Amino acid sequence: MQAARRPHEDPAGDVVRWAAFSCLLVPVVLVVYGTSFGGAAVATLGLAAVTAACRVLLRHSERTERNAARILAEDRLTPAHRGRHSRAGVGSQRRCQVSPGMSPQD
């Protein structure tokens, strides 16, 4: 029997892990190809700063997406599904009472 594949639960985490791996790999490659240790250290610090900023932005984007999905799901609920003691039932909307002979502009 084949094991079921579960979807990625943290795609931003995957991106950050690959970026951290690159932060370690790039300086090694730079030193191997003749760059000074100081230059490799500066490159490492720059990559780490970019990785940290990207992580913050990815997490913020995920929170925003989750909040938007939650709000959308709440808006789609019909009044019947809001609960037993909900005030959103039939006749609970407050409407402007205008006499038949008057227009709203009067």
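The coordinates are above.
From a predicted model like this one, the values you see are computed outputs, not experimental measurements.

1. Details of the environment of Gly-39
- Within the secondary structure, Gly-39 is located in helix H2 (residues 37-76).
- As a C-alpha pair, Gly-39 and Pro-27 span twelve residues in sequence and 8.4 Å in three-dimensional space.

2. Notes on the pattern of salt bridges
- Scanning all chains against the criterion turns up three salt bridges.
- Note that Glu-62 is salt-bridged to Arg-59, the shortest N-O span being 3.2 Å. Note that Glu-62 and Arg-59 are positioned in helix H2 at a spacing of three residues, about one turn of the helix.
- Classification of Glu-62 as buried rests on a relative accessible area of 19%.
- For the salt bridge of Glu-74 with Arg-70, the shortest nitrogen-to-oxygen distance reads 3.5 Å. Taken together, the residues span about one helical turn, with Glu-74 and Arg-70 both in helix H2 at a distance of four residues.
- Accessibility expressed as a relative area gives 43% for Arg-70, which makes it partly exposed.

3. Quick notes on the packing of aromatic side chains
- Overall, the coordinates contain one aromatic pair when judged by the stated rule.
- Look at Trp-18 and Phe-21: their rings are 5.8 Å apart centre to centre, the planes differ by 90°, and that puts the pair in the edge-to-face class. With Trp-18 and Phe-21 both in helix H1 (residues 11-32) and three residues apart, this pair spans about one turn of that helix.
- Accessibility expressed as a relative area gives 60% for Trp-18, which makes it exposed.
- Exposure remark for Phe-21: the relative accessible area of 44% places this residue in the partly exposed category.

Cut-off values and rules
Residues numbered from 1 in each chain as written. Predicted model: local features only at pLDDT ≥ 70, side-chain atom pairs only at ≥ 80, totals over all residues. Heavy atoms only, no water. Helix = DSSP H or I, 4+ residues; strand = E, 2+ residues; numbered from the N terminus. Salt bridge = Lys/Arg side-chain N within 4 Å of Asp/Glu carboxyl O. Buried < 20%, exposed > 50% of the residue type's maximum accessible area, 1.4 Å probe, protein only. Phe/Tyr/Trp six-rings, centres within 6.5 Å; stacked < 30°, edge-to-face > 60°.

By themselves, these are just geometric observations and shouldn't be taken as functional.
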